[in-house]
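These are the residues of each chain, in order.
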Amino acid sequence: MIYKDKNGNTKYYYYKKKRGRKKKRGPKKIIKKIGRKKQQTWNYKIISCTFNKQDSVVGYFHTMNETEIAKQKLLLENDSICIEKKTFIPFNNNKHKKIIDFKCEYLVLEKIRDNSDNVTQLRNEYGKIVDTISTNDKWKIIDKFQHKIEETYWVYGCNPRTDKKNFLWILDEFINKYLICDNNLIIRVYYYYNKIIFRYDDNDINFVICKNESDSIRLYNKLIENCNKYKHVIFIGKVINKSETGQFIINLISDKTGWQKNKIIRKNTL
């Protein structure tokens, strides 16, 4: 580039042309910072425990409000249980097995962020305030409530350990399915100690084996509650060994299974 200064002298000016694309017009874009945002700390969690031992973690939560929302969802799940599991048979190698009360609950834990201990005072199942101690020094128990589990039953023809059935399956397979096929069919339901027997017009039977008589009573009552709308389902009630009906039922079970009488008349599954 040629130009003249104030004195009239000719001057030469050189400049280097910039390479690259042209500069874009308009406002500059806001560049977002790369990196993780500061996360909130997990102050609470809910766990599931069976016989005072942790099974699983339901979830972690930042605030007590989030924890309370999760608790209400778990309580709704408890309400949806048809028949609650109340008894349990430990599977061990001991010859002297026994049926024990089933215990499962949810624990709400709070993170300890000071020098306080992990002892809190909560009400037990009898309403008495007692000291509750967590086995983890970093968390303390601030609340607990029941975790209801759906009861399952041994149905004859299915594996008694790996293929147990719940109440809704029994209702559909042993009552609803038969009535859909034949509206004139009469289904007679018997309660025989720890067994519930479904007898049809051709004397064919299906039956469910419960852990003890208490479980069979609860199942029997639940069936009555859900079959009030059916006129073709007759609930006979309890039968005993010495009665004529009891001997008839024993013979039906024996013909169906080939079991000996001493196995059929058991009052529990031990």
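### Some thoughts on the overall build of the chain
(1) Moving on: Each helix and strand counted, the chain has 5 helices and 15 strands in total.
(2) Moving on: Relative to the globule expectation of 18 Å for 270 residues, the C-alpha radius of gyration of the chain, 36 Å, shows a markedly less compact shape.
(3) Moving on: Burial statistics for the chain: of 270 residues in total, 33% are counted as buried.
(4) Moving on: A separation of at least 24 residues holds for 57% of the contacts in the chain among residues at least 6 apart in sequence.
(5) Moving on: Approximately 19,600 Å² of the chain is accessible, and the part contributed by carbon and sulfur atoms is 49%.
(6) Moving on: Mean positive and mean negative side-chain charge positions of the chain (56 and 30 charges, respectively) differ by 18 Å.

### Considering the packing of helix α2 (residues 167-181) against helix α3 (residues 213-226)
(1) Moving on: For the pair α2 and α3, interaxial distance at closest approach is 11 Å and the crossing angle is 60 degrees. As judged from the angle between their axes, α2 and α3 are oblique. Between α2 and α3 the crossing geometry is right-handed. Along the contact surface, α2 presents Phe-167, Ile-170, Leu-171 and Ile-175, while α3 presents Leu-219, Lys-222, Leu-223 and Asn-226.
(2) Moving on: The residue makeup of the contact of α2 with α3, split by class, is 6 nonpolar, 1 polar and 1 charged.

### Considerations on the pattern of salt bridges
(1) Moving on: Evaluation of the coordinates by the stated rule reveals 11 salt bridges.
(2) Moving on: Its salt-bridge partner being Lys-211, residue Asp-215 comes within 3.4 Å of it at the nearest N-O pair. In this pair, the class of Asp-215 matches that of Lys-211, namely buried.
(3) Moving on: Several salt bridges converge on common partners, so that one network encompasses Glu-151, Lys-211, Asp-215 and Arg-218.

### Some points on the environment of Asn-159
(1) Moving on: Within the secondary structure layout, Asn-159 lies in the loop between β11 (154-155) and α2.
(2) Moving on: Its relative accessible area of 38% is what places Asn-159 among the partly exposed residues.
(3) Moving on: Taking the C-alpha atoms as reference, Asn-159 lies 32 Å from Lys-229; in sequence the two are 70 residues apart.
(4) Moving on: Reaching out from Asn-159, the side chain makes a polar contact with the backbone nitrogen of Thr-162 at a distance of 3.1 Å.

### Description of the side chain of Asn-194
(1) Moving on: In this fold, Asn-194 is placed in the loop between β12 (187-192) and β13 (195-199).
(2) Moving on: The exposure class of Asn-194 is buried, given its relative accessible area of 1%.
(3) Moving on: Residues contacting Asn-194, with those up to four places away along its chain left out, are Val-208, Ile-209, Cys-210, Asn-212, Glu-213, Ser-216, Arg-266, Lys-267, Asn-268 and Thr-269.

### Brief notes about helix α4 (residues 244-257)
(1) Moving on: Compared with the 20 Å implied by 1.5 Å per residue over 14 residues, the 20 Å span of α4 between its first and last C-alpha is a close match.
(2) Moving on: Among the residues making up α4, those that are buried are Gly-246, Ile-249, Ile-250, Leu-252, Ile-253 and Thr-257. When α4 is viewed along its axis, its buried side chains cluster within an angular range of 160 degrees and face the same direction. Of the exposed residues in α4, the ones pointing more than 90 degrees away from its buried face are Glu-244 and Asp-255.
(3) Moving on: Looking at the buried residues of α4, the elements they touch are β12, β13, β14 (205-209) and α5 (261-264).
(4) Moving on: With its phi angle positive at about 80 degrees, Gly-258 sits one or two positions after the end of α4.

What counts as what
Residues numbered from 1 in each chain as written. Predicted model: local features only at pLDDT ≥ 70, side-chain atom pairs only at ≥ 80, totals over all residues. Heavy atoms only, no water. Helix = DSSP H or I, 4+ residues; strand = E, 2+ residues; numbered from the N terminus. Rg over C-alpha atoms; globule rule 2.2 N^0.38 Å. Buried < 20%, exposed > 50% of the residue type's maximum accessible area, 1.4 Å probe, protein only. Contact = heavy atoms within 4.5 Å. Areas by Shrake-Rupley, 256 points an atom, 1.4 Å probe, with all protein chains shown as cover. Lys, Arg positive; Asp, Glu negative; His and termini not counted. Charge placed at Lys NZ, Arg CZ, Asp CG, Glu CD. Axes fitted to C-alpha atoms, helices over the stretch in contact; angles between N-to-C directions. Parallel < 35°, antiparallel > 145°, perpendicular 65-115°, else oblique. Left-handed = near helix turned anticlockwise from the far one by under 90°. Nonpolar A, V, L, I, M, F, W, Y, C, P; charged D, E, K, R; others polar. Salt bridge = Lys/Arg side-chain N within 4 Å of Asp/Glu carboxyl O. Polar contact = N/O pair within 3.5 Å; in protein donor to acceptor, adjacent residues only side chain to side chain. Expected span 1.5 Å × (residues − 1). Arc of directions from axis to C-beta.

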